[in-house]
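# Structural characterization, general
Residue-level listing of the chains:
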Amino acid sequence: MRRTGLDHYGPLVRHALARAEGPVRCPVALAQAARLALPPGTTVALLGEPHSGTVTHVVVCLAHEDLYPAPWYVVACEPLGVCRAHGADEIEPVGPER
């Protein structure tokens, strides 16, 4: 939703994004990014906010302006009662390393 500016997300939006971004140019880089991504259920600090949240979904994608694929996380923030998308640079794991 952050990438599209829309207030909803569904199969039609996903399909349009996939068509616009084209095929992944480096399957090895995609696999590596997916392997290194935080798994669902990980508790994370939301950088710049006083809240933490829980990763509920991970999508590794390659935006048309990026050279390498990167994970995007859907994080449930219980104190705020919302789920929001965050890039890897906006969150960090809380607790021991994986």
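It should be emphasised that the depicted structure is a prediction, and the values quoted were computed from it without experimental measurement.

Rules used in this analysis
Residues numbered from 1 in each chain as written. Predicted model: local features only at pLDDT ≥ 70, side-chain atom pairs only at ≥ 80, totals over all residues. Heavy atoms only, no water. Buried < 20%, exposed > 50% of the residue type's maximum accessible area, 1.4 Å probe, protein only. Helix = DSSP H or I, 4+ residues; strand = E, 2+ residues; numbered from the N terminus. Pairing = 2+ DSSP bridges. Axes fitted to C-alpha atoms, helices over the stretch in contact; angles between N-to-C directions. Salt bridge = Lys/Arg side-chain N within 4 Å of Asp/Glu carboxyl O. Polar contact = N/O pair within 3.5 Å; in protein donor to acceptor, adjacent residues only side chain to side chain. Contact = heavy atoms within 4.5 Å. Core = buried A, V, L, I, M, F, W, Y, C linked by side-chain atoms within 4.5 Å.

### Things to note about the pairing of strand S1 (residues 43-46)
By the alternation rule, side chains of S1 split into Val44 and Leu46, which are all buried, and Thr43 and Ala45, of which none is buried. Sheet analysis places S1 next to strand S2 (residues 52-61), joined by 3 bridges and oriented antiparallel. Bridged to Ala45 within S2 is Ser52. Across 3 bridges, S1 lies against strand S5 (residues 91-93) in antiparallel orientation. The residue of S5 that forms the bridge with Leu46 is Ile91.

### So, the sheet that holds S2
Strand order in the open sheet made by the 5 strands is S4-S3-S2-S1-S5, with antiparallel pairing throughout. Taken across any chain shown, the strands that pair with only one partner, and hence form the sheet edges, are strand S4 (82-87) and S5. Shown here is a sheet whose adjacent strand axes are inclined to one another by a mean of 45°, direction ignored. Sheet topology places strand S3 (residues 70-77) next to S4; 6 bridges connect them, and they run antiparallel. When the bridges of S4 are listed, Cys77 appears paired with Val82.

### Examining the pattern of salt bridges
Considering all chains together, one arrives at 1 salt bridge under this definition. Measuring nitrogen to oxygen at the nearest pair gives 2.9 Å for the salt bridge that ties Glu49 to Arg84. Of the two residues, Glu49 is situated in the loop between S1 and S2 and Arg84 in strand S4; the sequence distance between them amounts to 35 residues. On the accessibility criterion, Glu49 (30% relative accessible area) is partly exposed. Classification of Arg84 by relative accessible area gives partly exposed; the value is 29%.

### Here's the deal with the side chain of Thr42
You can see Thr42 is positioned in the loop between helix H2 (27-36) and S1. A relative accessible area of 14% places Thr42 in the buried class. A polar atom in the side chain of Thr42 sits 2.7 Å from the backbone oxygen of Pro39. Those residues in contact with Thr42, other than ones at most four positions away along the chain, are Gly53, Thr54, Val55 and Pro93.

### A word on the nonpolar core
Counting residues in hydrophobic clusters, the biggest one holds 9 residues: Ala37, Leu38, Val44, Leu46, Val55, Tyr73, Val75, Cys77 and Ile91. Among the elements that make up this core, the one with the highest residue count is S3 (3 residues). For Val55, the contacting residues outside a window of four places in its chain are Leu38, Pro39, Pro40, Gly41, Thr42, Val44, Tyr73, Val74 and Val75.

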